[in-house]
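# A closer look at the structure
As a plain string of letters, each chain reads:
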Amino acid sequence: MTATLCHHFDAGRCRSCSWLGLPYDAQLDDKQRQVAALVGTDLAWEAPVASAQLGFRNKAKMVVTGTVDEPTLGILDAAGSGVDLRDCPLHTPGIRAALPLLADFVRTAALTPYDVPARRGELKHLLVTESPDGGLMVRFVLRSQEPGARIRKHLPALQAALPAMVVASVNLQPEHKAVLEGEREIVLTEQETLLMRVAGLDLHLRPQSFFQTNTVMAAELYERARAWTGDLAAASIWDLYCGVGGFALSLARPGVAVTGIEVSREAVASASLTAAELGLSDVRFEAGDATAYAVRAAAPPDLVVVNPPRRGIGPELSGWLESSGVEHVLYSSCNATTLAADLAAMPSLRPVRGQLLDMFPNTGHYEVLTLLERR
Ligand SMILES: C[S@@+](CC[C@H](N)C(=O)[O-])C[C@H]1O[C@@H](n2cnc3c(N)ncnc32)[C@H](O)[C@@H]1O
């Protein structure tokens with residue numbers, strides 16, 4: 001077999017990048033064919049936006065296994081054993097440089113890796129996010145607070161070795177189940193948010209808030225949202241599933257009422273902080289369910305942006321959009337199959353413009369932005 005860009009893939013240790021064996025141009029062509037087949041061929045498709053094939057992933061979600069002296073940072077294989085992927089080439093350079101130092105910290109602070117079958121140990125995951133300017137947010141997902149004092153004690157030494165780490169926190173995930181993180185977060189640093197400079201905005205990101213995993217593609221997405229909707233003369237905009245407010249804040253203009261709705265309170269707090277810093281008094285964010293907000297609203301806005309998780313917006317919200325009278329919808333989707341199902345439930349809203357953005361190179365996944373117009 002021809003060598004790919006990743007020695008873990010070639011050795012069969014990690015197959016997460018299942019398309020790595022395909023040349024990058026062929027990956028993009030296949031994705032474009034697939035999205036056109038699902039969403040339609042009678043709209044104006046713009047050329048796909050290519051990503052860097054490596055070094056693009058701004059978030060590492062490392063399962064920690066092994067022992068205190070020899071921790072493994074990576075994934076679990078089919079047999080449940082840890083596979084060390086601390087040099088995964090998808091991660092941004094700052095994350096790659098930080099992971100060996102964090103492995104050293106596991107030893108120094110004596111953080112026993114969690115042993116899934118034995119249900120013993122403390123440190124479950126290390127979650128690391130890098131901002132475009134090289135700042136790092138490091139989160140220790142623990143079973144209990146037991147190692148908390150040791151983390152605090154040794155944190156100054158870690159900060160000295162890793163000055164890019166501007167936010168550090170502990171997340172408590174006491175349950176024995178396959179979820180990445182729990183509800184309780186304890187921020188250990190004075191700084192509580194990572195500043196993500198994207199598309200000319202300084203977006204605050206608190207722990208427990210979603211951010212697009214490919215910062216360059218996120219910027220492309222928000223810039224397109226601005227360009228595609230700039231001449232729609234919308235006086236009111238909703239950004240449903242708004243996260244830390246990337247779309248809402250990109251579309252904010254004096255005199256335009258923008259409302260962002262998002263289920264994560266931490267993301268809403270992040271977005272509200274950015275809006276306040278920018279002095280945007282017409283922009284507000286609210287924690288809640290996107291569908292519930294829409295169906296209870298007194299009147300629909302002129303433009304709705306939706307950017308749901310992989311499951312899509314579902315029949316209730318698409319049914320509401322169909323009958324709402326909303327003139328334009330900007331739908332950003334990471335799953336063209338659920339996008340196609342949602343579009344089928346909104347026959348009065350016709351896709352007029354579409355573009356694939358390669359948020360997830362080397363896999364079959366991608367982001368697709370579509371502008372829908374009422375017929
Ligand atoms: C794909 S992310 C998009 C975030 C944001 N638009 C961005 O550009 O970063 C989907 C977001 O939907 C939120 N979410 C999930 N279910 C939700 C619901 N029922 N109502 C509102 N927000 C929800 C998630 O917390 C997440 O922040």
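Throughout what follows, the structure given in this document is the object of discussion. All figures in this text were calculated on a predicted structure; none of them were measured in a lab. (Residues numbered from 1 in each chain as written. Predicted model: local features only at pLDDT ≥ 70, side-chain atom pairs only at ≥ 80, totals over all residues.)

## Topic: the site of the ligand
- Neighbouring the ligand are 19 residues, the closest being F210, Y241, G243, V263 and N307.
- Among the secondary structure elements, those contributing two or more residues to the shell around the ligand are helix 6 (246-251) and strand 12 (257-262).
- Grouping the amino acids of the shell around the ligand by side-chain chemistry returns twelve nonpolar, five polar and two charged. (Near = placed C-beta within 6 Å. Helix = DSSP H or I, 4+ residues; strand = E, 2+ residues; numbered from the N terminus. Nonpolar A, V, L, I, M, F, W, Y, C, P; charged D, E, K, R; others polar.)

## Concerning the sheet that holds strand 4 (residues 82-84)
- Sheet architecture is open: seven strands sit in the order 4-3-2-5-6-7-8, paired in mixed fashion. What marks the edges here is a single partner per strand, and that holds for strand 4 and strand 8 (184-187). Averaged over all adjacent pairs, the angle separating strand axes in this sheet is 35°, with direction ignored.
- Note that strand 2 (residues 59-66) and strand 3 (residues 71-76) share four bridges and pair antiparallel. In the sheet register, T65 faces strand 3, and the bridge partner there is T72.
- On top of the sheet, helix 3 (residues 93-108) reaches strand 2, strand 3, strand 5 (123-130) and strand 6 (136-142); it is set at about 150° to strand 5, its chief contact.
- With respect to the sheet, helix 4 (residues 148-161) is in contact with strand 6 and strand 7 (165-172), its orientation differing from that of strand 7 by roughly 165°. (Pairing = 2+ DSSP bridges. Axes fitted to C-alpha atoms, helices over the stretch in contact; angles between N-to-C directions. Contact = placed C-beta atoms within 7 Å.)

## Thoughts on the pairing of strand 10 (residues 201-205)
- For strand 9 (residues 194-198) and strand 10, the ladder comprises five bridges, and the chain directions are antiparallel. Directly across from R197, in strand 10, lies its bridge partner D202.
- The loop that links strand 9 with its antiparallel partner strand 10 comprises two residues; one of these, A199, has a positive phi angle of about 50°.

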